[in-house]
Amino acid sequence: MELTSRLVAEILWFQEIGYLSVFWLRLITKALLWVVVSGISVWYLLKNLSIAQKQKHPSPILDDAHKKNYQNTKYYNKVVNNNYSVVTSTLSNDTKKGEYSLRFRWLLPIVIGLSLLLAILLFFYGQITISQQFNIDFKRVLITPTIPTSFRFEEILQIGTIIAAQIWSIIIIVASAVAFLVYPRFLLNAFAILLSIVLGMIFSSNWGKVLQYFNSTSFNSTEPLFNKDISFYIFNIPIWEMLGLWIVGLFTYNFIAVALTYLLSGNSVSQGFFPGFSSKQRRHICINGGFVMLVVAFAYWLSRYELVYSPRGVTYGASYTDVTVQLPAYNVLSILALVIAVYLILRSIFWRHKSSFSRLLFHGLGIFAVLGIGGIVVPSLVQYLIVQPNELAREQPYIQRTIALTRQAFNLDTINATTFNPQGKLTEADIAANDLTIRNIRLWDERPLLQTNRELQQIRPYYQFPDADIDRYTLQTDVTTRRPAAPQKPPASELNTNETTERRQVLIAARELNYSGVPQEAQTWINRHLIYTHGYGFTLSPVNVVGAGGLPEYFIKDIGGEGNALSTSSESIRASIPIGQPRIYFGEITNTYVMTGTRVKEFDYPSGSENVYNVYSGKGGINISSPWKKLLFAIYFKDWRILLTREFLPQTEVLFRRNINERIRAIAPFLRYDSDPYLVTADTVPDNQQGFSSEQNYLYWVVDAYTTSEHYPYSDTSVDDINYIRNSVKVVIDAYNGSVNFYVADTKDPIIASWQKIFGGMFKPLSQMPTNLRRHIRYPVDYFKIQSERLMTYHMTDTQVFYNREDQWQIPNEIYGNEPRQVEPYFLITSLPAVPFEEFILLIPYNPRGRTNLIAWLAARADGENYGKLLLYEFPKERLVYGTEQIEARINQDPIISQQISLWNRQGSRAIQGNLLIVPIEQSLLYVEPIYLEATQNSLPTLVRVVVAYENRIVMTQTLQQALQAIFQPEATPAPAIIRPLEDPAPPEQ
């Protein structure tokens, strides 16, 4: 009943959001894979165990005739002399007396060893299943499972170390092994069925890789070792690895289970004697051993291609030792294993009772074992004795391969690198000419703004601001009344008065509903699911404007005001920013399911001492007016009050899976997702795009999605264990209706091209995204972090420089609050060097490893036709350019500034040093750091000072304007090294 309700509910949900075909294809593929893999596995295992049961030695019966038949054998006499009672029933006539027979001292360790190996194998595959099926974290960027390694010798050793560290694992393994010895027939069959189910689940979990295999797209680029297209490694190798994982588990379990069945037959352990394998038993073991050797041959064949992921050499990928020694060894071992497998299979087909089978087999296996050990030892010796003494000369071509393919995989080869030589000649006129840049220097960080929002803008305890996001909006403005953020020359009267708009960098934060904030006494079922259904509104703050008392100024704030949904700071803001009815039914913390259109009206927002109520009129939701749907969702949600309530009407609908992270992952779990969805308010009606509401609902969530792989040849893996990534998709979620649209942002990516083949109608071209939304897409921060982390090493393209790591970079540190932390990428509106206009960019600086001066900075462009272009500006190595840590040191070492900070850090308050921003202007760098003051009891940060550093000058003043005036005002004599804080009272707003 529960399974049926879940299936029907999922069908209704996917139908409601318009992705039912996606659901059916995924469901059918998963079910088909599970049925095929589990069916084949269970048939194969149970068939072999059934044969083994028929051919095993029967249990002993007291029979003088049989006792007399065997009492003259040397093994019987020895057992009898040791006071063991051996009684045996009818044995097969073709059993050679004493051949392969085992005494107790040999029999017991063998069966215990096989039982333990079987238990470890089941533990291994059980761990895989648990990790893939139950450890899904929707906050992670990836929830699709990666393909685990096969059950190989090195994996057994690794599992052993894991088991040894967990006492409960040891207990489970030992208990399972003992159980196999006590109840062999029942448990071997039961675990055969269980293993088959597990193998089917593993294959089913990787349904996407199977579909990609049949819908692959060429990369039109080959790797240098096997000259195969990259697509072979991205789409084919994962399938071969899954196949290897399946057949290794299948044939290994079968071989051990059959061997145990025979070894434990005839009560051999209790009798202390195994009389030997019969001819039929040897034939059965022979063919199963052949299949095991086929698996070994396949594993060595596959290992050849996996050398492109080898970590052995000085760089990632196949090294000198791998290519010249390990690859031939794998070739030989694969061929030899195949020969042995074919021999065993043919020998079992054309079975002869008397032959030189044993001698040939042992010789072949002996040779294989020697070569297998040699395949491990010899490459290590070559690496140590031949390669390491001449490492650069030997590894140089392989280093070049790693550099080239890693740069390709992380899209670093498209970076346009140039030299940036700060001139230190920035003037007051340059500052005036870059007024837009100055007016968008971020003084408010996300953390203090969120703290202020929570104190001043949450309105009620059940509202919450989970995040604040940087964006840019084009605002109407009146230049004649614009407050300057920087010294203005020429005078304001000479400015172009025809300018009516300007781009402003802002922080936008959604006011979502957090039901846990509702008072405990009011947390009833009606309130949870029928009344408290949505959040309301957002705040919009300029990043560089300070209001009265050092608090942030808001362009949009509060709830209600002058008959409007939200309060705005001016009519120009109201005309620039679409607000409409800003209800948020789908967000980052909307984790409850709700019913709309009931007899009970929904709480909309508080208005003075009263509340305003509303009825949902959006396109989302599933109608549950019929009795069978009430029963269905009562079972699905495990909530019988749905079935019993009298509050429902014919138009009542249920909205569930409202958390946007969960929502998009439920539709497309095969994509990685950025960890920071961002809110956009935009009027999409003028574009008249399908899938967007025509009502006054202007709030949308934008989430960046990535295609990734861990199978790109020679590409060094990142900290996320991937070695290929593209920001191929932009996902847009309507915050009111819940509709989801996937837009392809990178048409050159072969992985997204394969998904487009699989799900034809799911993805739309980026050109179909409404224009007003497309203006707000950002270069994703997570993607930029991965690229910038890889660039720290892979900006070095010269093999000798790379080998010596003589030009390694690092992300610098800064002081935030009172603690050092790594600089995060940050957004700016500025004009890049040699670019004649301002644009929205994402920037991060670099230091040389082990030093604190700047060596370079990386910028990602995010506007218009330049979107996605990466620019790297490198500083001359022979010149010192101050880094963030050096500027922080100069700030904290200045006696006046440090004295003031120490004064603020007295009991009851503390000073917080904000993000130190490096702002490129013309051919110079400007350093800006805000300083906040907050009380320790009631955290309400206020901006109290702005520190600006330029060349050898440092200023701490109350506003950015004052600091720039202090540094760049004309003076007859050079400015002192430290300009003291200005004491004049500052205006209430900047």
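Quantities reported herein were computed from a predicted structural model and do not represent experimental measurements.

Draft legend 1. Structural detail: the pattern of salt bridges. In the structure shown here, the tally under the stated rule is 21 salt bridges. For R583, the salt bridge goes to D604, with nearest N and O atoms at 2.8 Å. Taken as a pair, R583 in strand β12 (residues 583-584) and D604 in strand β14 (residues 602-607) lie far apart in primary sequence, 21 residues in all. Both residues of the pair, R583 and D604, belong to the buried class.

Draft legend 2. Just the side chain of Q457, in detail. Looking at the secondary structure, you find Q457 in the loop between α18 (446-456) and β4 (463-464). A polar side-chain atom of Q457 sits 2.6 Å from the main-chain amide nitrogen of D558. Leaving out residues up to four positions away in the same chain, Q457 has contacts with T452, F465, R511, T539, Y554, K557 and D558.

Draft legend 3. Fine view of unusual backbone geometry. Backbone geometry at D721 places phi at a positive 60 degrees, although glycine is not the residue there. Residue position: D721 is located in the loop between β20 (699-709) and β21 (724-734). Phi at R805 is positive, roughly 50 degrees, even though this residue is not glycine. Mapped onto the fold, R805 is located in the loop between α27 (799-804) and β24 (809-810).

Draft legend 4. Inspection of the packing of aromatic side chains at higher detail. Scanning the entire structure with this criterion turns up 64 aromatic pairs. With 5.8 Å between their ring centres and 45 degrees between their planes, Y300 and Y330 make a pair best called tilted. Placement of the pair is Y300 in helix α12 (residues 279-306) and Y330 in helix α13 (residues 320-349), with a sequence separation of 30 residues. Seen in terms of ring centroids, W755 and F759 are 6.0 Å apart; in terms of plane orientation they differ by 5 degrees. Their pairing is stacked. Each of the two residues, W755 as well as F759, counts as buried. Through successive ring pairs, a cluster of aromatic residues spans W13, F14, F23, W24, Y593, F633, Y636, F637 and F656. The ring of Y882 carries the charged tip of R890 above its face, separated from the ring centre by 4.9 Å.

Draft legend 5. Summary view of the pairing of strand β30 (residues 870-874). Buried residues dominate β30, accounting for 4 of its 5 residues. The sheet contact formed by strand β3 (residues 416-419) and β30 spans 4 bridges and is parallel. Bridge pairing in β30 places A417 opposite L872. In the sheet, strand β29 (residues 856-861) pairs with β30 via 5 bridges, with the strands oriented antiparallel. If you follow W857 over to β30, its bridge partner there is Y873.

Draft legend 6. A look at the UniProt feature "transmembrane region" (unreviewed entry) in the protein chain. Under the present numbering, the feature "transmembrane region" (unreviewed entry) in UniProt falls on residues 23-46, 106-125, 156-183, 190-208, 243-264, 285-303, 329-350 and 362-386. Segment residues 106-125 splits into 100% helix and 0% strand. End C-alpha atoms: 29 Å apart. The span residues 285-303 carries 100% helix and 0% strand; its end-to-end C-alpha distance comes to 27 Å.

Draft legend 7. Region of the structure containing the sheet that holds strand β13 (residues 594-596). Spatially, the 3 strands line up as an open sheet ordered β13-β17-β16, and their pairing is antiparallel. The two strands at the open ends of the sheet, each matched to only one other strand, are β13 and β16 (622-623). Across 3 bridges, β13 lies against strand β17 (residues 653-655) in antiparallel orientation. Counterpart to M595 in the pairing with β17 is V654.

Draft legend 8. Structural detail: the nonpolar core. One finds Y125, F633, F742, Y846 and L926 to be the most contacted residues of the largest nonpolar core, which totals 269 residues. With 22 residues, helix α10 (residues 230-263) is the largest single contributor of residues to this core. Listed in part, the 11 residues of the second largest apolar core include C286, M293, A297 and I340.

What counts, and where the lines are drawn
Residues numbered from 1 in each chain as written. Predicted model: local features only at pLDDT ≥ 70, side-chain atom pairs only at ≥ 80, totals over all residues. Heavy atoms only, no water. Salt bridge = Lys/Arg side-chain N within 4 Å of Asp/Glu carboxyl O. Helix = DSSP H or I, 4+ residues; strand = E, 2+ residues; numbered from the N terminus. Buried < 20%, exposed > 50% of the residue type's maximum accessible area, 1.4 Å probe, protein only. Polar contact = N/O pair within 3.5 Å; in protein donor to acceptor, adjacent residues only side chain to side chain. Contact = heavy atoms within 4.5 Å. Phe/Tyr/Trp six-rings, centres within 6.5 Å; stacked < 30°, edge-to-face > 60°. Lys NZ or Arg CZ within 6 Å of the ring centre and 35° of its normal. Pairing = 2+ DSSP bridges. UniProt positions renumbered as here; feature names shortened; annotations may be inferred. Core = buried A, V, L, I, M, F, W, Y, C linked by side-chain atoms within 4.5 Å.

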